[in-house]
Amino acid sequence: MNQLEILRFALRGLLANKMRSSLTTLGILIGVAAVIMLVAVGEGSSQSITRNIQRLGANTLTISPQFSGGGGGGGGMRAPGGGTNTGPRTQARQLSLADAKALTDRTLAPSVRSVSPVVTASSSTATYGAASHAISQFVGTYPSYFEAVNKPVSKGTYFFNDDVLAARKVVVLGQTVVEELFGTVDPIGKQVSVSGVPFTVVGVLKETGSTGMQDADDVAIAPLPAVQQSLSGFGSLSSIVVQASGADTTTAAQAEVTAILNQRHGIKNDNADYRILNQATLQETVSAATGTFTVLLGAVAAISLLVGGIGITNIMLVTVTERTREIGIRKAIGAPRSAILGQFLLEATLLSLVGGLSGVLVAFIGTRFTVAGIEPVLVPSSVALALGVSVGIGLFFGSYPANRAAKLRPIQALRHE
């Protein structure tokens, strides 16, 4: 009996009971689709988190005050990335403009490209005409801040060092602020009143979208002295944003910054009065964590493939029992054991293959839609792995029923009722 005849018998056996074959295929379909979809959701989540981190600059260090001391509630201080640093009421020493200037020393910090001191004004309400909007972040800083935290301008321009030196009241607005205040009106050159202080709009930031609970476009950025004079006062800095000279020098820049601040703040142990957020390290940590999460999602989904394989075993055992007399007749007229074994193995493999291909199609369609706010990203390796495993499951779980059918003695099979 040649291979074509074995294939013909296998197909005839599958088509003889279409409903049973369809139900068996459905189990594999669900398993394969679940594996591919969950891995795609995990990959999409990982890429989304990575993009959000990269928005702050891959080679950026954010220095913020480290609260210390005894109990009490926490006052919040907003960081440039939109988060809030909370802690006890007392702290050893605040960050100052002198600290920021010390970090620009090329001799002590050769790995530092730029330093941007940052203050944030709370409860800043901007008005233009009859429209008003409470700005989530009103930031006072230097021009280097735009490049350091990856905030390019889509219209107009950012402010310059001359604006900082002259404490000019100019401002660059995020897309959310522009939409709330101006609608379709071009904001460039217009004046907005921020807590009663007039600021001239010189630029609009490129839209970046939301990052979790924080709208990254609900922001206004102005020269540091202008914000200090009008809104925040000349107190301590909210944070200092340091841009390393390159992605490969971020760790060196962190060591240099730490040494300078420790010397200035008189820190001789690990109890620093500041903390440094390294975006590169954070990205590596998050990537590793989301990678593990994706693998776990795939492993959980793979259980459904195992269930589908058990279903194949059960269905094939029923099939062998129902076709015992057919097997006896074929063996009585000379069909070798290998032909019987091959036929039932082929039936199980075809069931798995059809289910696997259908699952790939369903998963491909599923990745075209957003799942829980995440855009799934199809991972080719997961498709190949899921399809390969589905075929392997057909061979593995179909081997026992196939071997059982091949071992039947013709006389016993013919006597079966």
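Below is a summary of the structure that appears in this document. (Residues numbered from 1 in each chain as written. Predicted model: local features only at pLDDT ≥ 70, side-chain atom pairs only at ≥ 80, totals over all residues. Heavy atoms only, no water.)

Moving on: the pattern of salt bridges. Think of it this way: side chains of opposite charge can pair up when their charged atoms draw near. Counted according to the given criterion, the structure contains 3 salt bridges. Between D99 and R264 there is a salt bridge, with the nearest N and O atoms lying 2.6 Å from each other. Residue D99 is found in helix 3 (residues 97-102), and its partner R264 is found in helix 8 (residues 250-265); the two are separated by 165 residues along the sequence. A relative accessible area of 0% places D99 in the buried class. When its relative accessible area of 28% is taken as the criterion, R264 is described as partly exposed. (Salt bridge = Lys/Arg side-chain N within 4 Å of Asp/Glu carboxyl O. Helix = DSSP H or I, 4+ residues; strand = E, 2+ residues; numbered from the N terminus. Buried < 20%, exposed > 50% of the residue type's maximum accessible area, 1.4 Å probe, protein only.)

According to the stated counting rule, one finds 5 aromatic pairs in the structure shown. Relative to F182, the ring of Y128 has its centre 4.4 Å away and its plane inclined at 40 degrees; by these criteria the two rings are tilted. Placement of the pair is Y128 in strand 5 (residues 124-128) and F182 in helix 6 (residues 175-182), with a sequence separation of 54 residues. Residue classification places Y128 among the partly exposed positions, given a relative accessible area of 26%. A network of ring pairs unites the aromatic residues F146, Y158, F159 and F160 as a single cluster. Just above the ring of F364 sits the side chain of R368; from NZ or CZ to the centre is 4.6 Å. (Phe/Tyr/Trp six-rings, centres within 6.5 Å; stacked < 30°, edge-to-face > 60°. Lys NZ or Arg CZ within 6 Å of the ring centre and 35° of its normal.)

Of all hydrophobic cores here, the largest spans 43 residues; its most connected members are I63 and F138. When sequence neighbours within four positions are dropped, the list of residues in contact with F138 reads V119, T120, A121, S124, V171, V194, F199, A220, A222, V227 and L231. If you look at the next biggest cluster of nonpolar residues, it comprises 19 residues, including I28, A33, I36 and F397. (Core = buried A, V, L, I, M, F, W, Y, C linked by side-chain atoms within 4.5 Å. Contact = heavy atoms within 4.5 Å.)

Our next topic: the side chain of T367. Structurally, T367 can be placed in the loop between helix 11 (337-366) and helix 12 (380-406). At a separation of 2.7 Å, a polar atom in the side chain of T367 contacts the main-chain carbonyl oxygen of F364. Leave out the neighbours within four places in its chain, and T367 touches M37, A40, P376 and L378. (Polar contact = N/O pair within 3.5 Å; in protein donor to acceptor, adjacent residues only side chain to side chain.)

It is worth spelling out helix 6 at this point. In terms of burial, helix 6 is a largely internal element, 6 of the 8 residues being buried. Residues Q175, T176, V177, V178, L181 and F182 constitute the buried set of helix 6. Positive phi appears at G183, one or two residues downstream of helix 6, with a value of about 65 degrees.

Below, the discussion takes up unusual backbone geometry. With a phi angle near 60 degrees, N150 is a residue other than glycine that sits in the positive phi range. Unlike most non-glycine residues, S195 shows phi in positive territory, near 50 degrees. Its place among the elements puts S195 in the loop between strand 10 (191-194) and strand 11 (197-205).

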